[in-house]
Amino acid sequence: MILRPLPICTIISCSEILIRSGGNSLESLGVKLKAAREEKNLNLDQVGRETNISVRYLTALETENFSDFPGEPYITGFLRNYGTYLDLDVQELLSLYRALRIQEQPVPVEQLLKPRSNLPKILIILAGSLAVLGVVGGVLFYLITRPKKPVEVQAERIPVEYVMDGSSLERRLFRGDTVLVSAEGSQYKFELAGLGEAATIGTPVGSVILDLGQEGKVALGDDGFANLTITIIDFVKNNPGIGVLLRLDMESAFASGEYALDDEMIPVEAVSAVGNANSRIVFSSPNAYPFTLQASFQGYCMFRWEILFERDRRDRNERYFQRTDELNIQAQNGIRIWTSNAQAARFQVIGGGQTYPLELGAPGEVVVADLRWLRNEDNRYSLALVRLEAGN
């Protein structure tokens with residue numbers, strides 16, 4: 001029996017069908033994202049704030065203009081985060097994107113018209129069988145005759161310390177690796193502390209937990225603003241063997257020292273009494289001292305915080321958190337917090353070597369409150385949770 005190649009017209013017709021069917025699927029990628037966003041009555045500015053993804057990149061995803069991205073990992077990372085945020089099937093979105101890449105690299109017509117081999121099937125099967133037998137025989141001979149070697153113990157990897165000389169640094173880090181960042185004559189150490197469902201970076205102000213494509217901002221220096229940006233460029237969940245590709249960028253305003261300071265220093269608030277209907281004492285002490293608010297998120301939540309009475313850290317921070325995210329906030333005098341769901345996270349306060357549980361409110365309740373030191377008439381201090389109106 002002789003195998004004959006298909007007519008050219010048949011091949012071209014099949015190719016046209018594949019391209020047309022693929023085209024319809026690819027056109028639905030951006031439409032699917034935009035439709036899901038509009039169904040939730042969300043605009044791009046709001047989505048950008050809650051996902052830490054630039055509006056420029058959100059627009060590029062919805063218009064399928066992938067040339068705006070600096071690299072492939074950015075596209076897949078932002079597509080995962082945007083799809084998760086919109087409650088879409090992330091694997092389906094990634095399949096549509098890969099199909100687009102396949103369409104952009106069509107198979108040459110010469111390859112489609114390549115004639116099939118006329119070699120009888122029986123000869124192919126026979127040659128394959130002989131090759132398999134040869135390989136099996138060679139492996140068995142090697143296993144029988146090879147000399148015994150002592151088992152080599154793989155040396156434990158020694159963590160590496162990098163130095164960020166300029167305004168940016170891009171490096172693949174593994175667990176335990178550190179980066180020294182210089183600012184205002186001081187050095188600050190950043191350590192890749194963990195790799196699991198997300199990457200955990202230890203910073204001078206607490207841990208920052210980021211997923212692929214996400215950005216985190218860290219304040220440095222005595223006049224610190226959110227002046228250092230950490231970006232996860234390449235990362236695979238639960239695969240610490242390949243590490244994580246990080247990018248650190250120092251904001252130019254901080255590097256040049258061009259920012260204003262408020263010389264006013266607000267002291268701890270003095271009050272005649274604490275413990276009224278809108279306040280709850282966490283713990284008391286003869287003196288006020290720095291404390292840490294820890295949050296372990298159990299579900300999706302928009303959370304904002306602002307350091308009170310400290311001129312160098314009074315900027316408002318805002319992030320969209322999800323399950324397993326953690327946050328540590330350090331303060332001297334107080335913290336103003338805003339949460340869209342009072343029980344979306346488990347909160348605790350660490351101060352004076354002790355840990356105290358903290359409840360903000362009921363499930364689904366929007367809470368605005370200050371966690372701050374108050375001083376009574378006897379000059380004794382209490383760290384209290386003071387509820388505010390939602391508009392504050």
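Cut-off values and rules
- Residues numbered from 1 in each chain as written.
- Predicted model: local features only at pLDDT ≥ 70, side-chain atom pairs only at ≥ 80, totals over all residues.
- Heavy atoms only, no water.
- Helix = DSSP H or I, 4+ residues; strand = E, 2+ residues; numbered from the N terminus.
- Buried < 20%, exposed > 50% of the residue type's maximum accessible area, 1.4 Å probe, protein only.
- Contact = heavy atoms within 4.5 Å.
- Areas by Shrake-Rupley, 256 points an atom, 1.4 Å probe, with all protein chains shown as cover.
- Pairing = 2+ DSSP bridges.
- Axes fitted to C-alpha atoms, helices over the stretch in contact; angles between N-to-C directions.
- Left-handed = near helix turned anticlockwise from the far one by under 90°.
- Nonpolar A, V, L, I, M, F, W, Y, C, P; charged D, E, K, R; others polar.
- 1 Å grid on protein atoms, 1.4 Å probe; cavity = no way out; pocket = protein on both sides within 12 Å on 5 of 7 lines; lining within 4 Å.
- Points joined across faces, edges and corners; volume = space filled by probe spheres on them.

A. Structural context of the overall build of the chain. What the chain contains, in helices and strands, is eight helices and 20 strands. Across the 392 residues that make up the chain, the buried fraction comes to 37%. Long-range pairs, those at least 24 residues apart, make up 58% of the contacts in the chain with a sequence separation of at least 6. When the accessible area of the chain is evaluated, it comes to approximately 23000 Å², of which 53% is carbon and sulfur surface.

B. Spotlight on the pairing of strand β17 (residues 345-351). Burial along β17 is one-sided: Ala 345, Phe 347, Val 349 and Gly 351 are buried, while Arg 346, Gln 348 and Ile 350, pointing the other way, are not. By the bridge criterion, six bridges tie strand β12 (residues 291-297) to β17 in an arrangement that is antiparallel. When the bridges of β17 are listed, Leu 293 appears paired with Val 349. Pairing of β17 with strand β18 (residues 354-358) involves five bridges; the strand directions are antiparallel. Across the sheet, Gly 351 pairs through a bridge with Gln 354, a residue of β18. Joining the antiparallel neighbours β17 and β18 is a turn of two residues, in which Gly 352 adopts a positive phi near 60 degrees.

C. View of the packing of helix α2 (residues 44-51) against helix α3 (residues 55-63). Running from N to C, α2 and α3 cross one another at 115 degrees; their axes reach a closest spacing of 9 Å. Regarding α2 and α3, the two cross each other, and that crossing is right-handed. Contacts between α2 and α3 involve Leu 44, Asp 45, Val 47 and Gly 48 from the first element and Val 55, Leu 58, Thr 59 and Glu 62 from the second. For the contact of α2 with α3, the class distribution of residues is four nonpolar, two polar and two charged.

D. Looking closely at the layout of surface pockets. In this model, the second largest pocket occupies a volume close to 600 Å³. Lining the second largest pocket are 26 residues, with Asn 81, Asp 211, Gln 214, Lys 237 and Gln 322 positioned closest to its centre. Those elements giving two or more residues to the lining of the second largest pocket turn out to be α2, α4 (72-85), β6 (206-210) and β14 (316-321). In terms of residues, the lining of the second largest pocket owes the most to one element, α4, which gives five residues. Its residues placed into classes, the lining of the second largest pocket shows ten nonpolar, eight polar and eight charged.

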